[in-house]
Amino acid sequence: MIAENFNYDAPTSLDEAIALLHEYGDDAKILAGGHSLIPMMKLRFASPTHLIDINNIPGLSYVKEEDGYLKIGAMTKEVEVEESEIIHAKYQIFMDATKLIADPQVRNFGTLGGNLAHGDAANDHPAVMIALGADVEITGKDGKRTVGIDDFFQGFYTTAVEHGEVLTEIRIPAASGNYGSAYHKAERKVGDYATAGVAAMIQMDDQGRCTKAGIGLTNVSPLPLRASRSEEVLIGSDLSEAVIAQAAQYASEDCSPSEDLRGNVEYKRHLVSVITKRMINKAISRAKK
Amino acid sequence: MIKCKTSKEIGGMGHSKKRKEDARFIQGKGNYVDDVKLPGMLYMDIVRSPYAYAKIKSIDATAALAIPGVVAVVTGKDLEKYGLHWMPTLMSDTQMVLPTDTVMYQAQEVAAVIATSRYLARDGKEAVMVDYEPMKPVMDPFKALDEDAPVLRSDQEGKTDNHIWHWEVGDKEKTANVFDNADVVVKQQMHIPRIHVASIETCGCVASYDKVTNHLTMYMTTQAPHAIRTVIALVAGHVGLTEEKIRVISPDIGGGFGGKVPVYPGYVIAIAVSFLTGAPIKWIEDRSENLQADSFARDYHITAEMAGTKDGKIQATRFKVLADHGYTDASANPSKFPTGLFSIGTGSYDYGAAYMEADAVYTNKPPGGVAYRCSFRVTEAVHAIERMTDMFAKKVGKDPAQLRMENFIKKEDFPWASPTGWSYDSGDYHAGLQKAMDAIDYHGLRKEQIEMRAEGKFLGIGISTFTEVVGAGPSQDFDILGIKMFDSAEIRVHPTGKAIARFGTKSQGQGHETTYAQIIAEELGIPMEHIQIEEGDTDTAPYGLGTYASRSTPTAGAAAAMAARKLRDKAKKIAAHLLEVSEQDLEWEPGKFFVKGAPEKSKTIQEIVFAAYTNHPEGMEGGFEATHYYDPPNLTFPSGAYICVVEVDAETCDIKVRRFVAIDDCGNIINPMIVQGQVHGGLTQGIAPAMYEELIYDDSGNILNGTFMDYLVPTAVESPSWETGHTVTPAPHHPIGAKGVGESPTVGAPPAIVNAIVDAVAHLGIKHLEIPVTPFKLFKELQNVGYFKKTT
Ligand SMILES: Cc1cc2nc3c(=O)[nH]c(=O)nc-3n(C[C@H](O)[C@H](O)[C@H](O)COP(=O)(O)OP(=O)(O)OC[C@H]3O[C@@H](n4cnc5c(N)ncnc54)[C@H](O)[C@@H]3O)c2cc1C
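Residue indices begin from 1 for each chain and proceed along its sequence in written order. Lettering for chains starts from A, numbering for ligands starts from 1, and both go in the order in which the items are written. Residue-level local features of this predicted model are given only where pLDDT is at least 70; pairs of side-chain atoms are given and counted only at 80 or more, and the full residue set underlies all totals for whole chains, interfaces and linings. To obtain the side-chain values, all non-hydrogen atoms of the structure were used and water was disregarded.

**Q** Describe helix H10 (residues 400-407) of chain B, with residues and values.
**A** Residues and elements named next belong to chain B. Of all eight residues in H10, six are buried, a share of seventy percent or more. Among all positions in H10, only Pro400, Ala401, Leu403, Arg404, Met405 and Asn407 are buried. Polar contact is defined as a pair of N or O atoms within 3.5 Å, subject to the rule that within protein one atom must be able to donate a hydrogen and the other to accept it, and that residues adjacent in sequence are counted only when both atoms are side-chain atoms. A run of H or I in DSSP counts as a helix once it spans at least four residues, and a run of E counts as a strand once it spans at least two, with each numbered from the N terminus. One side-chain oxygen at the N-terminal end of H10 lies 2.8 Å from the backbone nitrogen of Ala401; it belongs to Asp399. Between buried and exposed lies partly exposed: a residue is buried under 20% and exposed over 50% of the maximum accessible area for its type, with that area taken using a 1.4 Å probe on protein chains only.

**Q** Talk me through the site of the ligand; I want residue IDs and the actual numbers.
**A** Residue and element names in this part refer to chain A. Nearness is defined per residue: one heavy atom within 4 Å of the molecule or strand is enough. Ile30, Gly34, Ser36, Thr111 and Asp124 are the nearest of the 30 residues found near the ligand. A distance of 2.9 Å is found between a nitrogen atom of the ligand and a backbone nitrogen or oxygen belonging to Leu167. Between Tyr193 and the ligand, the recorded distance is 3.2 Å, taken from a side-chain N or O atom to a nitrogen atom. Where the shell around the ligand is concerned, the elements lending two or more residues are strand S2 (28-31), helix H7 (112-117) and strand S10 (166-173).

**Q** For the domain arrangement of chain A, give the residues involved together with the corresponding values.
**A** Per the annotation, domain bounds derive from an automatic or database assignment of domains. As far as domains go, chain A holds domain 1 (7-53), domain 2 (63-173) and domain 3 (179-288). Its C-alpha centre places domain 1 of chain A at a distance of 35 Å from the equivalent point of domain 3 of chain A.

**Q** Quick one: what's the story with the sheet that holds strand S21 (residues 458-467) of chain B, residue by residue and with numbers?
**A** All names here are of chain B. What makes two strands pair is DSSP finding at least two bridges between them. Taking strand neighbours across the sheet as the criterion, the four strands line up as S21-S31-S32-S33 in an open arrangement whose pairing is mixed. Each edge of the sheet is formed by a strand with only one pairing partner; in this case those strands are S21 and strand S33 (723-726). Put simply, the sheet's adjacent strands are angled 15 degrees from each other on average, direction ignored. Bridge analysis of S21 against strand S31 (residues 639-648) gives ten bridges, and the strand direction is antiparallel. Its bridge partner being in S31, Thr467 is matched across the sheet by Ser639. Contact definition: two residues touch when any of their heavy atoms are within 4.5 Å. Throughout, an axis means a line fitted to C-alpha atoms (over the contacting stretch in the case of helices), and angles, computed between N-to-C directions, take values from 0 to 180 degrees. This element, helix H12 (residues 442-454), spans S21, S31 and strand S32 (655-665) of the sheet and lies at about 150 degrees to S21.

**Q** Give a description of the domain arrangement of chain B that names residues and reports values.
**A** Residues and elements named next belong to chain B. Domain assignment breaks chain B into domain 1 (22-30 + 487-630), domain 2 (39-136 + 203-284) and domain 3 (296-472 + 634-791). On the domain 2 side, the residues contacting the 20 residues of domain 1 number 21 residues. Around 1500 Å² of area is buried between domain 1 and domain 2 when both sides are counted, 49% of it from carbon and sulfur atoms. Considering only the surface of domain 1 that becomes buried against domain 2, Gln508, Thr538 and Tyr543 emerge as the three largest contributors, covering 41% of it. Counted as salt bridges are all cases of a side-chain nitrogen of Lys or Arg within 4 Å of a carboxyl oxygen of Asp or Glu. Here domain 1 is connected to domain 2 by three salt bridges. With a closest N to O distance of 2.7 Å, Asp252 and Arg24 form a salt bridge. Note on terms: buried area is the combined drop in 1.4 Å-probe accessible area of two parts once they are placed together, counting the loss on both.

**Q** Quick one: what's the story with the side chain of Ser552 of chain B, residue by residue and with numbers?
**A** Along the chain, the position of Ser552 of chain B falls in helix H14 (residues 552-579). Setting aside residues up to four positions removed in sequence, Ser552 of chain B forms contacts with Thr505, His512, Tyr516, Thr547 and Gly557 of chain B.

**Q** So, the pattern of salt bridges: which residues are in play, and what are the values?
**A** Inspection of every chain in the model, using the stated rule, returns 68 salt bridges over all chains. Here Glu66 of chain A and Lys71 of chain A are joined by a salt bridge, their closest N and O atoms 2.9 Å apart. Residue Glu66 of chain A is classed as partly exposed on the basis of its relative accessible area, which comes to 33%. For the salt bridge of Glu289 of chain B with Arg48 of chain B, the shortest nitrogen-to-oxygen distance reads 2.7 Å. With Glu289 of chain B in helix H8 (residues 287-293) and Arg48 of chain B in strand S1 (residues 42-48), this pair connects stretches of sequence that are 241 residues apart. Residue class for Arg48 of chain B comes out buried when judged on its relative accessible area of 14%. Where salt bridges share partners, they join Arg188, Asp192, Asp260, Arg262 and Lys268 of chain A together with Asp710 of chain B into one cluster.

**Q** Describe in detail the state of the cysteines, supporting the description with residues and values.
**A** All names here are of chain B. Cysteine sulfur atoms are paired as a disulfide whenever they come within 2.5 Å of each other. Tallied over the entire structure, the rule returns zero disulfides over all chains. For the unlinked cysteine Cys4, the closest cysteine sulfur is that of Cys666, found at 14 Å. Lacking any disulfide linkage, Cys205 is separated from the closest cysteine sulfur, that of Cys203, by 9.8 Å. Judged by relative accessible area, which is 0%, Cys205 ranks as buried.

**Q** I'd like a description of the interface of chain A and chain B, backed by residues and values.
**A** Listed per partner, the contact involves 19 residues of chain A and 31 residues of chain B. Joining chain A to chain B, the criterion identifies five salt bridges. As a salt-bridge pair, Arg44 of chain A and Asp123 of chain B come within 2.7 Å of each other at their nearest N and O atoms. Summed over the shared surface of chain A and chain B, the result is twelve residue pairs in polar contact (both at pLDDT 80 or more). Per-class residue counts for the side of chain A that touches chain B are eight nonpolar, three polar and eight charged. Polar here means any residue outside two lists: the nonpolar Ala, Val, Leu, Ile, Met, Phe, Trp, Tyr, Cys and Pro, and the charged Asp, Glu, Lys and Arg; Gly therefore counts as polar.

Structure (structure tokens):
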């Protein structure tokens, strides 16, 4: 459990960090909370020769509503999300999700940007961001660009963040009207990655008709998955029990889990169905409040 | 409430004194092996086999040795020159220190890298090139006995199969007779899976050999420092390391649970390298090494049967065990007990016929068979008997609590001779179960269960009423490598009335620094705060066999009381001298002797001790010291009545322990708070195998969950709020009537939990569930009985 030798830099500006990434090339890695990267280095699954610690760069850590978006700085720690008033008031899905991410030690370090940039379908925030329809802001040598969450995850541990770039902000369309969201994952014990996890977001008009829906799934496909057929059946519907059951059924059919110690394919599909149903209902009840 | 004989200031038995040791632990000032740093110390890391069974074709250390700071790479061939490549196990089998030609399990030690820093040792390890020729391993213990199975221990002369030993106890014919004629027989095959103690501190040592004085100082994570010193002398005496030249120091230990009883190859390699180089060698395992290579626990395949009458009288039990020992029998059992104390498996019930047999086999798994928080295989036995009792109750249609009440050994029938040869010393099983049932509102729960089932919700109630057997042990039966299993205490009281006491045991979190002081305080009336307790240094402590199997209080605790009583006898003589009366005229109350009828004429223990150094009677030896080696006349038999309530999510199969009531009877209680703490920890280690933990191997011998990511150690989050209580039935033969408690909860909890889960889904047709019962496993079982649809 000892990493290979590496060099360490802690730049104090984004420009400097980007310059260093270019200077060191492919063997350099950004260090955020370190709670995915350092375990991999200790197991010698990853052996970057340079770590660029971005913790000393000011202005990357915030949770705020602005221009119709909920904006979360890439370096915002899980614990800061947990403690944010806006999150408590309007985006309870984060309360559900962060509580299920490991333990306070991990949440004191792990960042939301890192959680996405790690590019692991087992992490919880990817599904949450899919359900909420997030955009990701990426900063490089030539400035900023924005990538929709559906184009962000590209493969196992690969995302739209290119070498020499830094994920800087996550933007989520602000909650409005009757808006509710919820997340749950089945886990074998606290701190475990999901056996299956489901994020749901529901927006309704005053008649209870669904105007917007987002369903994201954790750890039941190679990439974080949007349950599109589930969303389609929900949007425009009256959110009856039958519709919800159908959405749950679609989610369980459309995921492609693989068998591991957490469970076989049947069990995981079964969980997706049950949890999808429960999370839609939870989102609806929150939307009604 | 417990009645105390001593004042709060004295703090003898029954007082919930805060633990003396905690002041340093909670301030991060403990002193563990990894805190030991010696000048010139070198660091060791170990190259481990990726294969479960392979020939070693070559080991190339060139690249490793080319790394600046890497000092040496040691292989089995190097150790062979000194006859140190094999070592004996505690069960008189043999184990490789480092292999010369074949590896026998994944993660086995293959070579050691010595370097000037921990980091360089690790880099060196990565650079050692080993060429293996993999062979097909034997992973299934049942297949290990097949005719065509490869003979794994071809190193043993004349060995033609993988069978290690056969053991049996009880009356085979009589038992068969009862079974043949019984109204009702229940039978179940069950596996008590391979698990790991997973103590927070891993194993390690600093071996420091001084080439000038020829002395070895060995700082190590051991639960039995004295026994280890003897073992080192037996293994290395021929190269000059004789017992007087060896000092084993076991500093603070971060959890042992039986896993720090064995001698691991790493220790021996470190000693060998220090012996050859004269440099201190530090070896500290990392988490994965600890989990993958150090001794496992359990791994018993049991076919259990119970026979009885149709109205619910248990008449006989029969257990057949297949024990998977890995590639060597490195169990930590007393020599004459290859299955440990498994024969306690007749349980708390009154019947006359039992027969048990066991066979042990070699496989390509790590060795071990440690007594994980359990008095040698008692956990396996209790699981079997408590599961069978429930199955039998179900079969005859009786409430499991009622059936237990009707079959318990009665209070007045102790001492009770068990059909497998034990003499149970004492117990009051009816009182324990009644207390647990009242605490949890058993009958109310049964009603609620019916109501919840009507709503499609699953509630389960599980009982375990177990008998433990601890405190090994009486010297006529108990020894390890021939050394009798008594234990010792030495008390020295200083002129000012303060004391130090030393023991042959070794606390790993049990709180000995507090409880031993309380025992001495009880007997001598010296405030427990004034009594310092020391263990773990073989140069200063009296000889003893260490701490495991709940033996410290039954053996060393008794020795403390006996040594203190010797001192009280002496104190009485001195008091008589000081008060100018005869001994018969004196009476004792904790802390002083006074003259009968004239209580104002008294001498405190402090005054008496001072006199022992300043003014002792003529003809009496000066000073105030005593030593006692306590050889217990019998083991002690703690018991418990545990009731667990679970809720099972009818859709996700999530299992939640709603309540858990544990009523323990460990005889007289020394420190109620420590007992409670022990029970809390033990119960958590009881839900571990019941619901979470199991070491899993694939057919090629790969461990599938060799890290804490997949080896699921439960935490506070998984633990319910434990509810504890006790009944007190003192051990009649023990000086302070205590029985030992550290392991009762680990032993007693798993069947209570599993019985509860089975009970929750019994109406769906489930009769038995194998541990660990996970939601995934339960889902599959519920598919098998048709509750969930099978889709593939
Ligand atoms: C015991 C344990 C349990 C865990 N359980 C869970 C869980 O249940 N659910 C869950 O979701 N997560 C879990 N995690 C992971 C944890 O949430 C990580 O903190 C998170 O995945 C990564 O965030 P980080 O800030 O620590 O990133 P780091 O580990 O520092 O980085 C991760 C990767 O992202 C890159 N990176 C980080 N930030 C940026 C950026 N701003 N721009 C570009 N690239 C970047 C890094 O170079 C690296 O490749 C667990 C971790 C541990 C140790």
